[in-house]
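Read off the chains here:
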Amino acid sequence: EAAQGVGARPHEAIALGLPEPTAMTLATVDGEGLPSARVVLLKGFDDTGLRFFSNYLSRKGEELSGTPRAAAVIFWPPLGTSIGCDMLIHQRSRA
């Protein structure tokens, strides 16, 4: 679901030479439901969803382990668009 709304926008942003075209805000919650957000880099997307890297021992990694749901927003001002999505997080192997 999350990747369906992304479409060709990242490719357009990269082709235009926009600064940090793969930067996205990722929001998570801790065990008490307190939200936190940070910028991560979108590493890829396909029919299975969005991909980004995380240190599993970081605050973000611990929050995702406890509550495997997140919200992301990608904003491209020169394209006049942003994309927001809610997603279920799945840990993938490095392979």
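Data block above holds the structure.
Residues numbered from 1 in each chain as written. Predicted model: local features only at pLDDT ≥ 70, side-chain atom pairs only at ≥ 80, totals over all residues. Heavy atoms only, no water.

Remarks on the side chain of Ser36
Relative to the helices and strands, Ser36 resides in strand β2 (residues 35–46). Note on Ser36: relative accessible area 12%, which makes it buried. A polar side-chain atom of Ser36 sits 3.0 Å from a polar atom in the side chain of Arg38. Separated by 2.9 Å, the side chains of Ser36 and Glu63 make a polar contact. Not counting residues within four places of it along the chain, the set of residues in contact with Ser36 comprises Leu26, Ala27, Thr28, Arg59 and Glu63. (Helix = DSSP H or I, 4+ residues; strand = E, 2+ residues; numbered from the N terminus. Buried < 20%, exposed > 50% of the residue type's maximum accessible area, 1.4 Å probe, protein only. Polar contact = N/O pair within 3.5 Å; in protein donor to acceptor, adjacent residues only side chain to side chain. Contact = heavy atoms within 4.5 Å.)

Thoughts on the sheet that holds strand β1 (residues 23–29)
Spatially, the five strands line up as an open sheet ordered β3-β2-β1-β4-β5, and their pairing is antiparallel. Edge positions in the sheet fall to β3 (49–52) and β5 (81–88), since each has one partner strand and no second. Mean inter-strand twist for the sheet, computed between neighbouring axes without regard to direction, equals 40°. Relative to β3, β2 is paired through four bridges, and the arrangement is antiparallel. Across the sheet, the residue bridging to Leu42 is Phe52, located in β3. Taken strand by strand, helix α2 (residues 59–66) contacts β1, β2, β3 and β4 (69–76), and its axis lies near 85° from that of β2. (Pairing = 2+ DSSP bridges. Axes fitted to C-alpha atoms, helices over the stretch in contact; angles between N-to-C directions.)

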